[in-house]
Amino acid sequence: QVQLVESGGGLVQPGVSLRLSCAASGSIFMIYDMGWYRQAPGKQRELVATITSGGNTNYADSVKGRFTISRDNAKNTAYLQMNSLKPEDTAVYYCNADFAVLSPYRRYNTWGQGTQVTVSS
């Protein structure tokens, strides 16, 4: 069974930085796309950023230029570097991964449990 575990959230003041981590564990053959999503109170979950196994990235307009997604394929870990944080970035941040297992080969999609990011003065 594959699990995603996020870490790095917290309460910070506007303008500071945080780095989130998402570590995948289990019987993984390969991880394809990984992504970060967020859900603020009373709102739908939205895409923040995604990254392919080859390193191609995609960002929501609201975070372009402030957030950077990266990954370490050897560690099955994705990161989200968040700079210049704003109160509107406050949300629960979820990691998502599209991965495959062997014997037999199958692809799955899974979510982490989420980590809270609160930006407030």
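Summary of the structure given here. (Residues numbered from 1 in each chain as written. Predicted model: local features only at pLDDT ≥ 70, side-chain atom pairs only at ≥ 80, totals over all residues. Heavy atoms only, no water.)

1. Re the nonpolar core
Core analysis: the largest hydrophobic core is formed by 32 residues, its most contacted members being M34, W36, V48, F67, L80, M82 and Y93. The set of elements that each furnish at least two residues to this core consists of β3 (18-25), β4 (30-39), β5 (46-51), β7 (67-72), β8 (77-82), β9 (91-101) and β11 (115-119). Considering each element in turn, this core owes the most residues, six residues, to β9. Excluding residues within four positions of it along the chain, V48 makes contact with W36, Y37, R38, N58, Y59, A60, V63, F67, L80 and Y93. (Core = buried A, V, L, I, M, F, W, Y, C linked by side-chain atoms within 4.5 Å. Buried < 20%, exposed > 50% of the residue type's maximum accessible area, 1.4 Å probe, protein only. Helix = DSSP H or I, 4+ residues; strand = E, 2+ residues; numbered from the N terminus. Contact = heavy atoms within 4.5 Å.)

2. Some remarks on the pattern of salt bridges
In the structure shown here, the tally under the stated rule is five salt bridges. Close ionic contact of E46 with R38 constitutes a salt bridge, the shortest N to O distance being 2.7 Å. In this structure, D98 and R107 form a salt bridge, with 2.4 Å as the shortest nitrogen-oxygen distance. (Salt bridge = Lys/Arg side-chain N within 4 Å of Asp/Glu carboxyl O.)

3. Details of the state of the cysteines
Summed over the entire model, instances satisfying the criterion amount to one disulfide. Paired by a disulfide, C22 and C95 hold their sulfur atoms 2.0 Å apart. The sign of the S-S torsion, about -80 degrees, decides the handedness of the disulfide formed by C22 and C95: left-handed. Here the residue C22 occupies a position in strand β3, and C95 occupies one in strand β9, the gap between them amounting to 73 residues. Of the two residues, C22 and C95, neither departs from the other in class, the shared state being buried. (Disulfide = S-S within 2.5 Å.)

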